[in-house]
Amino acid sequence: MRKYFLLSAVAVLMATNVNAETGTAFAEINTYAEIEYAYEVSCSEMNFGKIILKNNKQDSWVTATGTYSENVLSVTGNTIALCSSDDEELIEAMVEALNHPEANGYTLTTSDFDPENGVGGMINIGEYVAKSHVGPNDSDAGISATIYIPEGAPAGIYTGYVPVSIVY
């Protein structure tokens with residue numbers, strides 16, 4: 001009986017070893033990272049001021065420097081944006097980028113702007129004029145633009161921003 005018990009135990013152990021295969025797994029994971037450094041440019045607000053239009057509701061335009069179309073009665077409180085950085089090359093690159101025609105196409109909207117329900121208004125901003133060496137430092141730039149006020153734009157306060165990203 002001992003013989004059969006011993007043979008049974010050996011047979012079970014052999015079967016367990018055969019069914020329990022072992023192996024090695026290997027994997028490679030490709031990885032990638034790109035690091036860039038960003039220089040900060042600080043800019044003051046560009047303010048087109050308080051614009052008084054004639055009541056004939058025609059298309060109009062105003063620049064941040066204070067020039068305007070004949071449909072505008074007056075502009076007060078307007079200022080260009082002054083931008084500065086420690087890197088003069090960066091300011092020159094920013095001036096060049098803003099003076100490029102592709103820099104146009106941003107909008108200002110009223111806070112209640114809802115085009116689906118016909119509420120509020122939107123005006124386009126474009127034709128940037130940027131000049132370097134404006135301001136107290138050689139690395140400062142002055143930036144102006146033109147806003148286009150479409151016929152029938154509602155009265156209100158219009159706000160927005162223009163992102164500027166430069167690779168140089």
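Reading the values: rules and limits
Position labels on residues start from 1 in each chain and follow its written sequence. Only residues with pLDDT of at least 70 get local features here, since the model is predicted, and only at 80 or more are side-chain atom pairs given and counted; chain-wide, interface and lining totals rely on the full set of residues. Only hydrogens and water are set aside; all other atoms, that is, all heavy atoms of the structure, feed into the side-chain values. Residue-level confidence of the predictor is summarised by pLDDT, bounded by 0 at the bottom and 100 at the top. Helix numbers and strand numbers start at the N terminus; a helix is a DSSP run of H or I with at least 4 residues, a strand a run of E with at least 2. Patch construction takes residues with relative accessible area above 30% that form no salt bridge. Like charges are linked within 9 Å, and nonpolar side chains (Val, Leu, Ile, Met, Phe, Trp, Tyr) are linked within 5 Å. Each accessible area is a Shrake-Rupley estimate made with a 1.4 Å probe; only the visible protein chains count as cover when residues are assessed. In the sections that follow, a salt bridge refers to a side-chain nitrogen of Lys or Arg positioned within 4 Å of a carboxyl oxygen of Asp or Glu. When charges are counted, Lys and Arg are positive and Asp and Glu negative, with His and the chain ends excluded. Taken as the charge location is NZ of Lys, CZ of Arg, CG of Asp or CD of Glu. Residue burial is assigned from relative accessible area. The probe radius is 1.4 Å, only protein chains are included, and a residue is buried under 20% of its type maximum, exposed over 50%, and partly exposed in between. Between two residues, a contact is recorded if the distance between any of their heavy atoms is within 4.5 Å.

Engineer: Would you explain the confidence of the model for the protein chain in this entry?
Structural biologist: Low-confidence regions, as indicated by low pLDDT, have predicted coordinates that should not be scrutinised in detail. Considering every residue of the protein chain, the mean pLDDT works out to 76; 70% of them sit at 70 or more. Highest mean pLDDT in the protein chain belongs to strand β4 (residues 72-76) (94); lowest belongs to helix α1 (residues 2-19) (52).

Engineer: Hey, could you run me through a negative patch on the surface in this one?
Structural biologist: Taken together, the side chains of Glu 88, Glu 89, Glu 92 and Glu 96 define an acidic patch exposed on the protein surface. Under the relative-accessibility criterion, Glu 89 is labelled exposed at 57%.

Engineer: Could you clarify how one ought to interpret the side chain of Ser 69 in this entry?
Structural biologist: On the secondary structure map, Ser 69 appears in the loop between β3 (60-63) and β4. A residue is classified by how much of its surface remains accessible, and Ser 69, at 11% relative accessible area, is buried. Leaving out residues up to four positions away in the same chain, Ser 69 has contacts with Ser 60 and Trp 61.

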